[in-house]
Amino acid sequence: MAALFGHRDMVIYLYSQTDFTSLSNVQLVDIFHAIIYANIFDVALWMLERYQILATSCNRAMETGLHLLARKPLAIGHRKNLNFFQWLGHLMFEGMFHKAKMRSLAHKLVEDIWNLIIQKSDEEVSDLLRKPTRLLFDAASCGNVEFLVILIRSYPDLIWKVDRRNRSLFHIAAINRHESIFNIIYELGAIKDLIASYREEATNNTLLHLVASLPPHDRLHIVSGAALQMQREILWFKAVKKIVPRSYIKSKNKEGELAQDIFTNGHKELRKEGEKWMKDTATSCMLVATLIATVVFAAAFTVPGGNNEESGLPILQKKKWFNIFILSDAVALCSSSTSIVIFLSILTSRYAEDDFLVSLPSRLMLGLLALFVSIIAMVIAFCATLFLIYDRRLAWNLAFIISLASITAFSFALLHVQLWFDTLRSAYWSKFLFQHRKHRLH
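It should be emphasised that the depicted structure is a prediction, and the values quoted were computed from it without experimental measurement.

Asks: Whenever I open this one, helix H3 (residues 41-50) confuses me. Can you help?
Replies: For an α-helix, 3.6 residues make a turn, and residues three or four places apart therefore share a direction. Of all 10 residues making up H3, 7 are buried, and the element is well covered by its neighbours. Those residues of H3 that are buried lie in contact with helix H1 (8-17), helix H2 (25-37), helix H4 (65-70) and helix H6 (98-117).

Put into structure tokens, the structure is as follows:
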């Protein structure tokens, strides 16, 4: 009960007080699995060290502890041990680095269980991987890359495993859009070409046909906005197209469908939603940019303090805050005008599939950046005006008013920073999404 409710301290205390010799094997397995469910991996390691039979013992659902760990992608870290600074931080601030420590211990737990399992015969190992569910494909479908890496490192033949429909681990990773698992295929050399050529037996679908269909709902929404989702889908399709045999690009399945046709038809609604989302966003931002441009344009001809009647020059032109006002007003006008042009180009785009790849995300990112600069510059111009026309004795009032004005800029930044980084990542960083950057298996 303590493990089921996640009370780690109570679990540790009860573990030290329990007479395990009085428990049956079924009770031991139930406790062991409950502790794994609760992510209390230090206690799970203690139990495994005392009772190694727990590595292959099954619960009432005929699952081992490895089956449970296969469905915990966020619980398993990518290193065996914490680095020096994390260990030091854990000793000083236990709560801060607790999750990092548990992820490290989960990594070790998977290794220890797997090392005990592979001591069995090949037939027993294969049977465990197949029943009651296909353990490897459970891990691939939920994105548990560290789990798969641990297993494949010590048992390389696992990369050849296929499910009942003749799909490899990389087919499952592509269907569920887990690039961290899919990128392992680049480490396989010539083997990559063989695995990429696998077809579904019943439908004759290739890997390209499979990735042409929409992913599960939760995987589609890992990026914000339909337009950026469409961009991510195009990236996946192009990445898979590069590794499958060239003949597969024009290959048809048993329904007589090309992969490109499946992609176009299956993503038709997403493309329309992406177009609508992009246009709505551009329209709203362009309205704000137009208002800013109107205000700062008028401010340039109604300078604070007024003009000299004889010369027509601004009366306060020799003050430093006047120069700040002029400069910030000019920046606000130029940046708001630039954002209007950029958002207008978004509205007039043709919205073809390839436009979602780089063109539209880049324009949206630059438009948002220009709009943010214009808001900041407008606020600075407003603050400079206050310093010019009000006496210094009103310093506290000025500080209060300026603080309120600054909230506008900061609120825009806070509300749109996530969207801006998403568009930046989609426009530029995503091109490195399917590149082999580091060796995971060796």
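Now that the structure has been shown, the text picks up again.
Asks: How should I be thinking about the pattern of salt bridges in this particular structure?
Replies: For side chains bearing opposite charge, pairing can occur when the charged atoms are close. Under the criterion given, the structure shown has 17 salt bridges. Residue Arg167 is joined to Glu200 by a salt bridge in which the shortest nitrogen-to-oxygen separation is 3.5 Å. With Arg167 in the loop between helix H9 (145-154) and helix H10 (169-175) and Glu200 in the loop between helix H12 (191-196) and helix H13 (207-212), this residue pair connects regions lying 33 residues apart in the sequence. Residue classification places Arg167 among the buried positions, given a relative accessible area of 14%. Residue class for Glu200 comes out buried when judged on its relative accessible area of 2%. Between Asp280 and Lys276 there is a salt bridge, with its nearest N and O atoms 3.0 Å apart. Of this pair, Asp280 and Lys276 both sit in helix H17 (residues 268-299), 4 residues apart, roughly one helical turn. Taking the relative accessible area as the measure of exposure, Lys276 reaches 55% and is therefore exposed. The network of salt bridges with common partners includes Asp163, Arg165, Arg167 and Glu200.

Asks: Would you mind going over the nonpolar core with me for this structure?
Replies: Side chains of nonpolar character tend, in soluble globular proteins, to be buried together. In this structure, Leu109, Phe147 and Phe182 are the most contacted members of the largest nonpolar core, which totals 116 residues. Considering every element that reaches this core, the biggest residue donor is helix H15 (residues 226-243), with 10 residues. In this view, Leu109 contacts Phe32, Ile36, Phe41, Ala44, Leu45, Leu48 and Leu69; residues no more than four positions away in its chain are not counted.

Asks: Help me understand the packing of aromatic side chains, please; the structure alone is not making it clear to me.
Replies: Here a ring pair, both rings aromatic, is described through the centre-centre distance and the interplanar angle of the planes. Inspection of every chain in the model, using the stated rule, returns 11 aromatic pairs. Ring geometry for Phe182 versus Tyr186: centroids 6.3 Å apart, planes at 90°, classification edge-to-face. Among the residues examined, Phe182 registers a relative accessible area of 0% and is labelled buried. Residue class for Tyr186 comes out partly exposed when judged on its relative accessible area of 22%. Taking the centre distance of 6.3 Å and the plane angle of 85° together, the rings of Phe182 and Phe434 count as edge-to-face. Of the two residues, Phe182 is situated in helix H11 (residues 179-182) and Phe434 in the segment after helix H20 (395-427); the sequence distance between them amounts to 252 residues. According to the relative accessible area criterion, Phe434 is buried, its value standing at 11%.

Asks: How do you make sense of the environment of Val211 when you look at a structure like this?
Replies: Among the structural elements, Val211 can be located in helix H13. By relative accessible area, Val211 is classed as buried at 0%. Through-space distance from the C-alpha of Val211 to that of Ala174 is 6.1 Å; in sequence the pair is 37 residues apart.

What counts, and at which threshold
Residues numbered from 1 in each chain as written. Predicted model: local features only at pLDDT ≥ 70, side-chain atom pairs only at ≥ 80, totals over all residues. Heavy atoms only, no water. Buried < 20%, exposed > 50% of the residue type's maximum accessible area, 1.4 Å probe, protein only. Helix = DSSP H or I, 4+ residues; strand = E, 2+ residues; numbered from the N terminus. Contact = heavy atoms within 4.5 Å. Salt bridge = Lys/Arg side-chain N within 4 Å of Asp/Glu carboxyl O. Core = buried A, V, L, I, M, F, W, Y, C linked by side-chain atoms within 4.5 Å. Phe/Tyr/Trp six-rings, centres within 6.5 Å; stacked < 30°, edge-to-face > 60°.

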